[in-house]
Amino acid sequence: MYRFLLTRQWVILTLVGLVLIPVMIKLGFWQLHRHQHKVAQNTLIADNLAATPVPVTDLAAVGRDLPHDDMWRRVTASGSYDTAHEVVVRHRTAADEQTIGYYVLTPLVLGNGDAVLVNRGWIPAAGDLTTFPKAPPAPKGTVTVTGRMMADETTAVSGIKDTKGLPPRQVMLINSKQQAQRVGRPMLGGYIEQTAPRSPGNTPELVPEPDHDSIGPHMAYAIQWWLFAAAVPVGWTVLVRRERRDRRDAAAKAAQQAAEPAEGAPAAGDAEAAAGPRRSAESAGSGETEAAGDAAPPAPAEPVARTAATPE
């Protein structure tokens, strides 16, 4: 009844289904883990943004990468800007996430001689991308800035290619190690994303805080993949039942068509019985004809002349 499952077509279909089920289950767990990561990161961002600001030197140090748990922590730093070594970061978007421009990155020299990079905000791109854009000057003298502590950008983490051969004072990544070599001054690991004070006219435009409310569609994708995995055996069963029904109906139809000619042809005994009366009738007809021939009267004889010939 189910021998068709051993055909090449059904063997391939079954093997494909057996492969798809664990793959879809694994994809569902992958999306679940992404959901859990997003939720944990949102919690970390919210907690760190709500924390009381601390001095930047409490979190960052020269030659040390910023721990992930300290990202988005609010810090304060006091010192003077080194505008001679100010650079701009290419291909960055404004708060609308559409307009392309630059980040203005200026070293802030602390009281102990070390420096920390400060992302002062976003400015629009000028017409000529090969020249240094006109950026609002940094405040002179001793200043105190407040901002979010961020880890150094790398190509591996950010996905941004560190293009070489750029115009002077233009970079692709915000990286304290690269700027320390360029400036020739010790720099704290990471950088500050300035949130206060706000520049006159909001230029540069301060970088908005990261979104930490949305969780994305990852949980919905996980459920979707698991539903797909459950649908595979259900669909396979439906196809098997349909194939079995179609084959059964085809066999019944073929048997019916084969029986129809046999029902329309007369049986051999019936044919002989019908032929018997016909032969009897024909024999009777022949006998009657012969009898009629025997009973018929004989034809009259030719008359004989009784008068003798008269002699002349």
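Conventions and cut-offs
- Residues numbered from 1 in each chain as written.
- Predicted model: local features only at pLDDT ≥ 70, side-chain atom pairs only at ≥ 80, totals over all residues.
- Heavy atoms only, no water.
- Salt bridge = Lys/Arg side-chain N within 4 Å of Asp/Glu carboxyl O.
- Helix = DSSP H or I, 4+ residues; strand = E, 2+ residues; numbered from the N terminus.
- Buried < 20%, exposed > 50% of the residue type's maximum accessible area, 1.4 Å probe, protein only.
- Patch = residues over 30% accessible without salt bridge, like charges linked within 9 Å, V, L, I, M, F, W, Y side chains within 5 Å.
- Areas by Shrake-Rupley, 256 points an atom, 1.4 Å probe, with all protein chains shown as cover.
- Lys, Arg positive; Asp, Glu negative; His and termini not counted.
- Charge placed at Lys NZ, Arg CZ, Asp CG, Glu CD.
- Phe/Tyr/Trp six-rings, centres within 6.5 Å; stacked < 30°, edge-to-face > 60°.
- Lys NZ or Arg CZ within 6 Å of the ring centre and 35° of its normal.
- Expected span 1.5 Å × (residues − 1).
- Polar contact = N/O pair within 3.5 Å; in protein donor to acceptor, adjacent residues only side chain to side chain.
- pLDDT = per-residue confidence, 0-100.
- Core = buried A, V, L, I, M, F, W, Y, C linked by side-chain atoms within 4.5 Å.
- Contact = heavy atoms within 4.5 Å.
- Pairing = 2+ DSSP bridges.

Let's shift gears to the pattern of salt bridges. Under the criterion given, the structure shown has 7 salt bridges. Across the salt bridge formed by K177 and D65, the nearest N and O atoms sit 2.5 Å from each other. Taken together, the positions of K177 in helix α3 (residues 176–183) and D65 in the loop between β1 (54–55) and β2 (74–81) put the pair 112 residues apart, joining distant regions of the chain. Of the charged contacts in the structure, one is a salt bridge between E193 and R148, with a shortest N-O distance of 3.1 Å. On the criterion of sequence distance, the pair formed by E193 in strand β8 (residues 187–196) and R148 in strand β6 (residues 142–150) is long-range, its members being 45 residues apart. Note on accessibility: E193 and R148 belong to one class, buried.

Inspection of the secondary structure assignment puts K134 in the loop between β5 (115–124) and β6. By relative accessible area, K134 is classed as exposed at 83%. Considered as a pair, K134 and P124 are 10 residues apart in the sequence and their alpha carbons are 9.4 Å apart.

On the surface, a cluster of negative charge is made up of D96, E97, E209, D211 and D213. Residue position: D211 is located in the loop between β8 and α4 (218–264).

Take the packing of aromatic side chains next. Applying the stated criterion to the full structure yields 4 aromatic pairs. Aromatic pair F29 and W226: ring centres 5.2 Å apart, planes at 65°, arrangement edge-to-face. Residue F29 is found in helix α1 (residues 8–50), and its partner W226 is found in helix α4; the two are separated by 197 residues along the sequence. Residue F29 is classed as partly exposed on the basis of its relative accessible area of 40%. Judged by its relative accessible area of 28%, W226 is partly exposed. Taken together, Y2, F4 and W10 form an aromatic cluster joined through their ring pairs. Here the guanidinium or amino end of R120 rests over the ring plane of Y81, the centre of that ring lying 6.0 Å away. In this structure, R169 is placed above the aromatic ring of F132, and the distance from its NZ or CZ to the ring centre is 4.0 Å.

Our next topic: α1. Between its first and last C-alpha, α1 extends 64 Å over 43 residues, near the 63 Å set by a 1.5 Å rise per residue. Listing the buried residues of α1 in full gives W10, G17, M24, G28, Q31, L32, H35, N42, L44, I45, N48 and L49.

This part covers the side chain of Q170. Looking at where Q170 falls in the secondary structure, it is placed in strand β7 (residues 170–171). Polar contacts involving the side chain of Q170 include one to the side chain of R90, which spans 2.5 Å.

Further remarks concern the confidence of the model for the protein chain. A residue-level look at the protein chain finds 83% of positions with pLDDT of 70 or above and a mean pLDDT of 86. Mean pLDDT values for the elements of the protein chain range from 50 in helix α5 (residues 268–295) up to 98 in β2.

Ranked by internal contacts, the top residues of the largest apolar core, which has 38 residues, are V56, A77, L108, V116 and I192. The greatest single-element share of this core, amounting to 5 residues, is contributed by β5. Contact partners of A77, with chain neighbours within four places excluded, come to V56, L108, L110, V116, V143, T144, V145 and I192. By size, the runner-up hydrophobic cluster in this structure holds 5 residues, among which are Y102, V104, I123 and A135.

Another aspect to go through is the side chain of N119. For N119, the location among the structural elements is in strand β5. Given a relative accessible area of 1%, N119 falls into the buried group. At a separation of 3.2 Å, a polar atom in the side chain of N119 contacts the main-chain amide nitrogen of G121. Excluding residues within four positions of it along the chain, N119 makes contact with Y103, V104, L105, I174, Y191, I192, E193, Q194 and V207.

Of all 10 residues that make up strand β4 (residues 100–109), 9 are buried, and the element is covered over most of its length. In the sheet, strand β3 (residues 87–93) pairs with β4 via 5 bridges, with the strands oriented antiparallel. Bridging across to β4, R92 finds its partner in G101. What sits between β3 and β4 in their antiparallel hairpin is a turn of 6 residues, with E97 showing a positive phi close to 60°.

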